[in-house]
Every structure is written in structure tokens, then in C-alpha cells.
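# Structure assessment
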Amino acid sequence: MVDTSLNKIHSALIVGGASGIGLAIAVLLASRETTNRVFVVDKNPFPEPYRHPKIESKVFDLRTEDYSFFDQFTIVDTLMITAGFGKLAHFHDLTEQYIIDSFQVNTLPVLRLVKRFYPRLESPEPFQCGVMVSIAGFLSSPLFSVYGSTKAALRSFIESVNVELTKAGSRNRILNVSPGFIKGTGFYQKATDISVTKDLALEIITHLEAHDDLFIPDYESVYQEVLERYHADFRKEGLHSYDYKLSRM
């Protein structure tokens with residue numbers, strides 16, 4: 001852990017911040033005295049009940065080919081990418097377009113945005129960068145086959161680039177936030193409830209400012225055991241995961 005007093009977030013760009021955990025992070029940052037501006041980019045406008053003078057909402061579809069839109073954010077010291085979607089389904093029930101859209105929203109924007117902000121990551125100045133990945137990126141995830149694939153690609157990418165940043169002498173890192181189920185978000189087509197997600201949002205902000213490279217919520221209480229079972233016998237754990245998810249469909 002580094003001295004977080006040197007890395008306070010003053011101006012943030014949150015991609016996917018109009019709902020879910022991104023919305024909670026935006027609202028929390030805007031409420032802090034040390035924050036000057038929060039830019040929220042999402043395919044949907046920022047919800048009126050959470051409007052704040054420090055929050056500036058911009059609409060952009062991440063499937064757009066031209067990303068020069070993001071060249072305007074020259075003053076930000078933080079990039080947090082929370083956009084993404086998924087659904088429980090058997091692979092044979094998913095369309096080819098769903099597969100394409102999944103990678104165009106969940107995966108490719110992260111690589112493209114990190115590329116655009118990479119000079120900031122490599123610089124000696126503090127730059128916070130975080131990505132909402134998923135515990136599904138660490139293990140097989142039946143009924144989440146495409147979603148898990150988009151997240152596994154992100155996990156590998158973030159781990160690889162963080163090594164390159166280390167070797168380049170930069171202390172900046174990309175934070176991989178890999179939760180399991182998060183209550184209070186709209187992931188399962190439910191309304192966002194900030195009162196439920198604010199604690200996790202605060203934890204994410206803390207890890208961002210500490211320049212950590214990995215945060216798995218509920219790791220010791222839940223996912224350490226899950227990952228140990230997976231590495232011990234990935235086939236058996238895959239079958240267990242299938243039955244658990246099927247009970248929730």
C-alpha cells in the first residue's frame with residue numbers, strides 16, 4: 001500500500017457511470033470536498049435524482065468505432081470503467097449478435113481506453129485507473145460462458161499491462177475489481193440502489209487511491225474457497241457452478 005494522501009482523486013472519468021456501481025462511485029466522489037469534477041460517460045443520461053453540480057454527464061455508445069470523443073478529457077487524474085452487461089443463459093440460446101455486442105461493450109472499450117490514457121499511466125505523476133471485471137474472469141462460468149470470456153480477457157490484459165508498467169518504472173497500476181454478485185445494481189435488470197452499493201463503491205475508491213492492482217470483494221469469506229475448489233478440480237467446480245446458477249434462473 002502507498003501513501004494515499006498523495007493520490008486523492010480530484011477529477012475522474014467514469015465510463016458506465018449512469019447506473020450500478022459506477023453511479024455509486026460517481027455520487028460518492030462528487031460528495032467529497034477534494035473532488036473538483038466527475039465526468040460520467042454512458043449510453044444513457046445521468047439519472048436526475050442523483051444530479052450534482054460536480055457531475056457532468058455525456059452520452060456515448062461504446063460500440064462506436066471512433067473513440068476521439070475521449071480526447072476531451074485531458075484534466076482527469078482517474079479513469080474508472082464500469083460499463084458491462086451479461087445474462088444467465090445456455091450458450092445455445094445466445095445469438096451471434098449478443099456475442100459481438102458483449103465483446104464490444106465489456107472488453108474492447110477497456111483496451112481502447114487504456115491505450116488512449118496509457119501515457120498517463122506510464123508517467124511519474126499519480127494516475128488512478130480501475131476496471132470492473134468479475135470473479136467469472138478467474139474460473140469457468142457455465143451459463144455465463146460469453147460474459148465470463150469477456151472478463152477473462154480483461155483479467156489477462158490487466159495482469160500483463162501491470163507487469164509492463166512495473167518494468168517501465170511507473171508506480172501506477174490498473175485496478176482489477178472482480179466481484180461476484182453485487183446487490184443493488186441493475187445487472188439483473190433491477191433498479192440501482194445506492195444505499196446498498198455505497199460501501200463497495202467506497203472500498204473501490206480506497207483501492208484506487210492506494211494504486212492496488214487487484215480487489216476481490218468478499219475474498220476471504222467467499223471467493224478464496226471457491227477459487228481453491230476450482231484450482232483443485234475445475235471440472236467438479238464447474239458442475240457445482242452450473243447447478244448453483246441454474247437455481248437462480
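Attention in this report is confined to the structure presented alongside it. (Residues numbered from 1 in each chain as written. Predicted model: local features only at pLDDT ≥ 70, side-chain atom pairs only at ≥ 80, totals over all residues. Heavy atoms only, no water.)

The next thing to look at is helix α5 (residues 219-232). For α5, every residue scored as buried is listed here: Y223, V226, L227 and Y230. All buried residues of α5 fall inside an arc of 95° around its axis, so they share one side. Of the exposed residues in α5, those oriented more than 90 degrees away from the buried face are E220, S221 and A232. Buried residues along α5 sit in contact with α6 (234-246). (Buried < 20%, exposed > 50% of the residue type's maximum accessible area, 1.4 Å probe, protein only. Helix = DSSP H or I, 4+ residues; strand = E, 2+ residues; numbered from the N terminus. Arc of directions from axis to C-beta. Contact = heavy atoms within 4.5 Å.)

Let us now look at the pairing of strand β4 (residues 78-81). The alternating pattern of β4 places T78 and M80 on one face and L79 and I81 on the opposite face, and all of these are buried. Strand direction decides the pairing type here: strand β1 (residues 11-15) and β4, joined by four bridges, are parallel. Pairing of I14 across the sheet is with M80, part of β4. Of the strand pairs in this sheet, β4 and strand β5 (residues 128-132) are connected by four bridges, and their pairing is parallel. Within the sheet, the bridge partner assigned to T78 lies in β5 and is Q128. (Pairing = 2+ DSSP bridges.)

By themselves, these figures tell us nothing about what the structure is for.
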